[in-house]
2 protein chains.
Amino acid sequence: MQRLDSRDPDFEAQFARLLSVKREVAEDVDAAVRDIIRDVVDRGDAALIDYTTRFDRLDLTPDTIRFSPEEIDAATAACSGDALDALALAKDRIETYHRAQVPADHRETDALGVTLGWRWTALESVGLYVPGGTASYPSSVLMNAVPAKVAGVPRLAMVVPTPDGVTNPLVLAAAKLAGVDEVFRVGGAQAVAALAYGTATIRPVAKIVGPGNAYVAAAKRRVFGQVGIDMIAGPSEVLILADSSANPDWVAADLLAQAEHDKAAQAILVTDSDALAESVAAAVEGQLRTLPRTEIATASWRDYGAIVRVARLVDAIPLVDRLAPEHLEIESAEAEELAARVRNAGAIFLGAHTPEAIGDYVGGPNHVLPTARSARFSSGLGVLDFMKRTSLLSCTPEALRALGPAAVALGRSEGLEGHARSVAIRLNL
Amino acid sequence: MQRLDSRDPDFEAQFARLLSVKREVAEDVDAAVRDIIRDVVDRGDAALIDYTTRFDRLDLTPDTIRFSPEEIDAATAACSGDALDALALAKDRIETYHRAQVPADHRETDALGVTLGWRWTALESVGLYVPGGTASYPSSVLMNAVPAKVAGVPRLAMVVPTPDGVTNPLVLAAAKLAGVDEVFRVGGAQAVAALAYGTATIRPVAKIVGPGNAYVAAAKRRVFGQVGIDMIAGPSEVLILADSSANPDWVAADLLAQAEHDKAAQAILVTDSDALAESVAAAVEGQLRTLPRTEIATASWRDYGAIVRVARLVDAIPLVDRLAPEHLEIESAEAEELAARVRNAGAIFLGAHTPEAIGDYVGGPNHVLPTARSARFSSGLGVLDFMKRTSLLSCTPEALRALGPAAVALGRSEGLEGHARSVAIRLNL
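What you see is a predicted model; the values in this text were computed from it and never measured.

Calculation criteria
Residues numbered from 1 in each chain as written. Chains lettered and ligands numbered in written order. Predicted model: local features only at pLDDT ≥ 70, side-chain atom pairs only at ≥ 80, totals over all residues. Heavy atoms only, no water. Helix = DSSP H or I, 4+ residues; strand = E, 2+ residues; numbered from the N terminus. Contact = heavy atoms within 4.5 Å. Areas by Shrake-Rupley, 256 points an atom, 1.4 Å probe, with all protein chains shown as cover. Core = buried A, V, L, I, M, F, W, Y, C linked by side-chain atoms within 4.5 Å. Buried < 20%, exposed > 50% of the residue type's maximum accessible area, 1.4 Å probe, protein only. Phe/Tyr/Trp six-rings, centres within 6.5 Å; stacked < 30°, edge-to-face > 60°. Lys NZ or Arg CZ within 6 Å of the ring centre and 35° of its normal. Pairing = 2+ DSSP bridges. Salt bridge = Lys/Arg side-chain N within 4 Å of Asp/Glu carboxyl O. Polar contact = N/O pair within 3.5 Å; in protein donor to acceptor, adjacent residues only side chain to side chain. UniProt positions renumbered as here; feature names shortened; annotations may be inferred. Least-squares fit on C-alpha atoms with pLDDT ≥ 70 in both. Lys, Arg positive; Asp, Glu negative; His and termini not counted. Domains from an automatic or database assignment. Axes fitted to C-alpha atoms, helices over the stretch in contact; angles between N-to-C directions.

### A short note on the overall build of chain A
Part 1 of the reasoning: Helix and strand content of chain A: 17 helices and 14 strands.
Part 2 of the reasoning: Seen through its C-alpha atoms, chain A measures out along the principal axes to roughly 80 × 60 × 40 Å.
Part 3 of the reasoning: The contacts in chain A between residues at least 6 apart in sequence include a share of 74% that link residues at least 24 apart.
Part 4 of the reasoning: With the model as given, the accessible surface of chain A reaches about 15,600 Å², and the carbon-plus-sulfur share is 52%.

Shown next, in the form of C-alpha cells:
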C-alpha cells in the first residue's frame, strides 16, 4: 500500500504514477481467438463441441448443448431457500430501478410543418456471457439480464461454461428468475463466436454482453461490428472519501471487499484525517488475517492499495475526477455536497451505512460499471444498452419548400450535387 | 445493379448474399498507426509537426498548430452569405432537435428508506475529427459539435488536416458557429494520438468522435480505453421502400444522392410495383449522365445497387429489419403504418417530400447514423454520446438493516466473504 500526501512537493508526480499504473497484463491470445472464431463459423456445433471437450473436459452432443427446462428447474430446486429469497429481492429491486430508465419516444411538428422525433426499440436478441468456475456470479446474471428484459428484448440467450460438467445451480436459478430464454453450457471464445455468427443450435444475436477472461474479451473485440458488445471490463476498484467521522473498521472492510475480487483490484482511501488513515491501515491488516480470500486481498492492497492524505476533503474532488473510480464511497457529514461536485464516477455510495457491497447485490442500481478511468466517458450498464433510437423525419410539401433551398446550398457547397438535385427536383429549382 | 424478386424460389439465397456482401476492403494500416501513436506519445508536438510535413506537405511550428481566432474569423468572412445563412438555419434546427434529448436525472426514496437514482453529467472534454480534402463537410462539423455543446461539454477541440495548407473556410465557419473551442490544423493517426494522449499544444480529451479514413479509424480503435470513441463509420447506405404512387425521378435522385458519396455506398429500392422498378432503373441511367460525381455513383450503383421486388410492401418489413439500413425512405400512402412495423433502421424518412438529403443538412435529426447493419444494435449520434450517468445509492441505518441480510447471503453464496463482512460489520451480524 502506498501513502501519498497532497501537501508533499512531489505529490503531483506520485499521483500521476498512481493514475497511470497498469493493473492488467494484456495476454496475447488474439491469434488463438481468431482461429477459434473461424472454426466455429466454418463448422458450427461440431467446433463448439470439440472446444468444449478440449477446454472444459466435457463431452456434449447437439442435444445437450442447451440446458433443458427440467435441468434448470432441478438446479433451482437444489438452491437454499435463503439464497433464492435473496435473489428474488435483488431481482425485484434491480427491476424497479431499471424500469425508471425506459426512455420516452419523441415526436413533434414544428412551425414549418416538419414532423420530427425519434423512437426507441429494443434489440431483437441479446447474448449474455456468464463466466464459469469461481467467478460465476448469480448477481451478474441479474445485473445483465434484468435490464435487457426491462428494455423489452424478446430473446435473451445465455452461455455459461461448465468445466468438468460442474454447474453453479444459483446461476441457473438467477437465469430463470430473470427471464433468460435460452441457456447453453458453452463458454470461451467459441461461445462468443456461436452467439455472433450462429450455429445449428445457437441462433445469432444482435449484441453480446457480460464479463469474461482474456479469451472472451478478445473474442468480443473481434466480433464487434458483426454484433454489438458492451464495455470490456477491467479489474474492479473503489475510492473511499472519508473524514474523521468514519468508522475505521467499516472503511477497512469496504476496502477489502474490493481487494478480495482480484489481485489486480484497487482500493484507495482519501482522507483529511491522519488518525483515520492510521486506524484504517491497522484495521486492514487485522481484518486480512481472517479473510478467506486473504491471499488475493493482500496482494491487491500491497500492490495497488493507497491512502491519500488531503488538507480538506474538498481538495480531493479534482483527484476523484482524474481517477474516475468505478465505485466512490463518501463517508462524511458533507457527503451530499461533495458528491454534487464530482463529475467522474461510475457509482456513488453516500454515507456510512451504504457499503459498496449493497450496490453489488440488492441496492437496485447496476453493478456493471466503467473501470480503468473510463467513467470519464462511459456509464454503467442500463436499459439504454439494450435499446436503440431511430430518428424520424417527415416534411409536407410546404415544409420542403421552406427548408429545401438551404439543403441545396449546403449540398452544392460540399460538392455533392446529387444531394442538391434530390431536393431541387421536387421543388422545380 | 442487381434485381431480386421475393417470389423467386432462390430469393432467400440471393438476399443472404446481398446481406453479407463486404463493401469495404480493410486496409492493413495497424502497424503504421501503432508507430505513429507511440511517436506522438514520446515526442509530442515535434512528432505532430514531422508527420504533418510528411503527410500534408505543410510546415507547422508549435505556434501555428492551432488556428487563431483571427484566422477563423477571416475564413468565415470569406464564405458566401447564402452558405452561412444555410449553415445558421441548420445549426438552429439541429440544436432544437437535440435539446429534446437532454436526459433527466432521477432520485427517489423507496419504502425501505433507500435513496437511489442517477445523475447525468457532460464529458469534460471532447475531440472532434474532421477529414480534410474533398470529404471535409461543414454539415458534419455541426452534426458532431452541436450535440456535444447541447450536452454541456465545456471543452470541444477540433482537428482538421489542411493538405498543402488548403483550408475549407466553411468548415471553420461551422466550427465557430457550433461553439467549437479550439481548432488544430492536424489530421491522421497523429491527430488522434494527440487528442488521446495530449501534447504541449493539444490537451488530452475524454472522447474522440468524427469520421476519417482507414488510418483515423485504426487510430481510434487503438486509443479506445485511453479515451472513449464513437462508432467507426462504414460506407453510407439507403433503402427506399416505395409503391406505385412514388415519382420515379425523385426515387432515382434519392438513390443517386446516396451512391455519389462513395464507390462503396449502397442504394436499394424495394417495391411492389414492376412499373416503378422499371421506371426508376431507367431514370437512374438518365440522371447518371449529368451527375458531376457520375464515376463514383455509377460504380456504387453497378456494384452494390439493387432493386428488390416484393409481392406486397408489408412483405419488405422483415427484409428491412435484416438489412437494418442507415437511412430508410418510405414513399407510400401507408408510410406511417409501415414505419411503425420496422425495428431496425438508423433514420426513417416518411413520405415523398422528405428526401434523405434534407436529413443530411437541415432537418434537425443527426446525420451520423449506424452503417453496415449496426442499426440492429446501435443508434445515431446524439446528446447521450456526450454525457454519462453516475448511479447514486444511500441507505439509512434502517434501510441497511432491511437489505443487509440478503446482501450477506448473496456474498457468501458467491464465495465473497469480504463482501458479506462489509455489510455484517455494520449490523453486528
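There is more to say, and it comes next.
### Description of the nonpolar core
Part 1 of the reasoning: Met158(A) and Met158(B) are the most contacted members of the largest nonpolar core, which totals 140 residues.
Part 2 of the reasoning: Those residues in contact with Met158(B) that lie beyond four places of it in its chain are Leu128(B), Val130(B), Val141(B), Val171(B), Ala175(B), Val180(B), Glu182(B), Val183(B) and Phe184(B).

### Section: the packing of aromatic side chains
One pair of aromatic rings is described through two measures. These are the centre distance and the angle between the planes.
Part 1 of the reasoning: By the definition in use, this model includes six aromatic pairs over all chains.
Part 2 of the reasoning: Ring geometry for Phe11(B) against Phe15(B): centres 5.6 Å apart, planes inclined by 25°, an arrangement best described as stacked. Placement of the pair is Phe11(B) and Phe15(B) together in helix H1 (residues 11-20), with a separation of four residues, close to one helical turn.
Part 3 of the reasoning: Geometry around Phe67(A) places Arg185(A) over its ring, the cationic atom sitting 4.0 Å from the centre.

### Regarding the sheet that holds strand E7 (residues 207-209) of chain A
All names here are of chain A.
Part 1 of the reasoning: Across the sheet, five strands lie side by side as E6-E5-E4-E7-E8; this open sheet has parallel pairing. The sheet terminates laterally at strand E6 (182-184) and strand E8 (228-229), the two strands that pair on one side only.
Part 2 of the reasoning: In this structure, strand E4 (residues 125-129) lies alongside E7, joined through three bridges in parallel fashion. Each bridged residue has a counterpart across the sheet, and for Val126 the counterpart in E7 is Lys207.

### Examining the interface of chain A and chain B
Part 1 of the reasoning: Of the residues lining the interface, 117 residues belong to chain A; the matching set on chain B comes to 117 residues.
Part 2 of the reasoning: For the interface between chain A and chain B, the tally reads eight salt bridges.
Part 3 of the reasoning: For the salt bridge of Asp254(B) with Arg426(A), the shortest nitrogen-to-oxygen distance reads 2.8 Å.
Part 4 of the reasoning: Counting the contacts that link chain A with chain B gives 62 residue pairs in polar contact (both at pLDDT 80 or more).

### Focus: the UniProt feature "binding site: substrate" (unreviewed entry) in chain A
Part 1 of the reasoning: UniProt records the feature "binding site: substrate" (unreviewed entry) for Ser236(A), Gln258(A), His261(A), His327(A), Asp360(A), Glu414(A) and His419(A) in the present numbering. These annotated residues cover 184 residues of sequence, and their C-alpha atoms reach 55.6 Å apart at the extremes, leaving them scattered rather than at a single site.
Part 2 of the reasoning: Given the relative accessible area of 8%, Glu414(A) is considered buried.
Part 3 of the reasoning: The residues contacting Glu414(A), other than those within four sequence positions of it, are Tyr137(B), Pro138(B), Ser139(B) and Tyr361(B).

### Considering the UniProt feature "binding site: Zn(2+)" (unreviewed entry) in chain A
All names here are of chain A.
Part 1 of the reasoning: When the UniProt feature table is mapped onto this chain, "binding site: Zn(2+)" (unreviewed entry) is found at Gln258, His261, Asp360 and His419. Taken along the chain, the residues just named run across 162 residues; in space they spread out, the farthest C-alpha pair reaching 55.6 Å.
Part 2 of the reasoning: Mapped onto the elements, Gln258 comes out in helix H10 (residues 248-259).
Part 3 of the reasoning: Apart from the residues lying within four places of it in its own chain, the contact partners of Gln258 are Ser236, Glu237, Val238, Ala265, Gln266, Ala267, Glu326, His327 and Glu356.
Part 4 of the reasoning: Here the side chain of Gln258 touches Ser236 through a polar contact of 2.4 Å, side chain to side chain.

### Remarks on the pairing of strand E14 (residues 387-395) of chain A
Part 1 of the reasoning: The buried count for E14(A) comes to nine of nine residues, which makes it a mostly enclosed element.
Part 2 of the reasoning: Across the two faces of E14(A) the burial is the same, with Met387(A), Arg389(A), Ser391(A), Leu393(A) and Cys395(A) and Lys388(A), Thr390(A), Leu392(A) and Ser394(A) all buried.
Part 3 of the reasoning: The pairing of E14(A) with strand E13 (residues 347-350) of chain B spans four bridges and is parallel. From the neighbouring strand, Leu393(A) faces E13(B), where its bridge partner is Phe349(B).

### Looking at the relation of the copies chain A and chain B
Part 1 of the reasoning: If you rotate chain A by 180° and push it 0.0 Å along the axis, it lands on chain B with an RMSD of 0.0 Å. Taken together, these values place the two copies in the relation of a two-fold axis. Rotation axis and chain A: the residue whose C-alpha lies nearest the axis is Pro103(A), separated from it by 4.4 Å.

### With respect to the side chain of Glu329(B)
Part 1 of the reasoning: Within the element layout of this structure, Glu329(B) appears in strand E12 (residues 327-331).
Part 2 of the reasoning: Within the buried core, Glu329(B) has no salt-bridge partner, and the shortest N-O distance to an opposite charge, that of Arg426(A), equals 4.4 Å.
Part 3 of the reasoning: A distance of 3.0 Å separates the side chain of Glu329(B) from the backbone nitrogen of Glu356(B), its partner in a polar contact.
Part 4 of the reasoning: Look past the residues within four positions of Glu329(B) in its chain and what remains in contact with it is Arg426(A), Leu239(B), Ile240(B), Leu241(B), Asp254(B), Phe349(B), Thr354(B), Pro355(B) and Glu356(B).

### Considerations on the side chain of Ser300(B)
All names here are of chain B.
Part 1 of the reasoning: With respect to the helices, strands and loops of the structure, Ser300 is situated in helix H12 (residues 294-304).
Part 2 of the reasoning: Its relative accessible area of 0% is what places Ser300 among the buried residues.
Part 3 of the reasoning: Residue contacts for Ser300: discarding those within four places in its chain leaves Ala259, Asp262, Lys263, Ala265, Gln266 and Gly305.

### Some words on the domain arrangement of chain A
Part 1 of the reasoning: According to the domain assignment, chain A consists of domain 1 (2-22 + 234-364), domain 2 (30-109 + 123-229) and domain 3 (396-427).
Part 2 of the reasoning: Put simply, the middle of domain 2 of chain A and the middle of domain 3 of chain A, counted by C-alpha atoms, are 48 Å apart.

### A short note on helix H17 (residues 417-427) of chain A
Part 1 of the reasoning: For H17(A), the tally of buried residues reaches nine of eleven residues, placing the bulk of the element in the interior.
Part 2 of the reasoning: If you check which residues of H17(A) are buried, you get Glu417(A), Gly418(A), His419(A), Ala420(A), Ser422(A), Val423(A), Ala424(A), Arg426(A) and Leu427(A).
Part 3 of the reasoning: The inward-facing, buried residues of H17(A) contact helix H16 (397-413) of chain A together with helix H10 (248-259), E12 and helix H15 (356-361) of chain B.
Part 4 of the reasoning: Asn428(A) sits one or two positions beyond H17(A) and adopts a positive phi of about 50°.

### Considering the sheet that holds strand E13 (residues 347-350) of chain A
Part 1 of the reasoning: Read across the open sheet, the nine strands follow the order E1(A)-E11(A)-E10(A)-E9(A)-E12(A)-E13(A)-E14(B)-E3(B)-E2(B); overall the sheet is mixed. In this open sheet, the two edge strands, each paired with only one partner strand, are strand E1 (2-5) of chain A together with strand E2 (106-109) of chain B. On average, adjacent strands in this sheet sit at an angle of 15° to one another, irrespective of strand direction.
Part 2 of the reasoning: The pairing of strand E9 (residues 237-242) of chain A with strand E12 (residues 327-331) of chain A spans five bridges and is classified as parallel. Paired with Leu239(A) across the bridge in E12(A) is Leu328(A).

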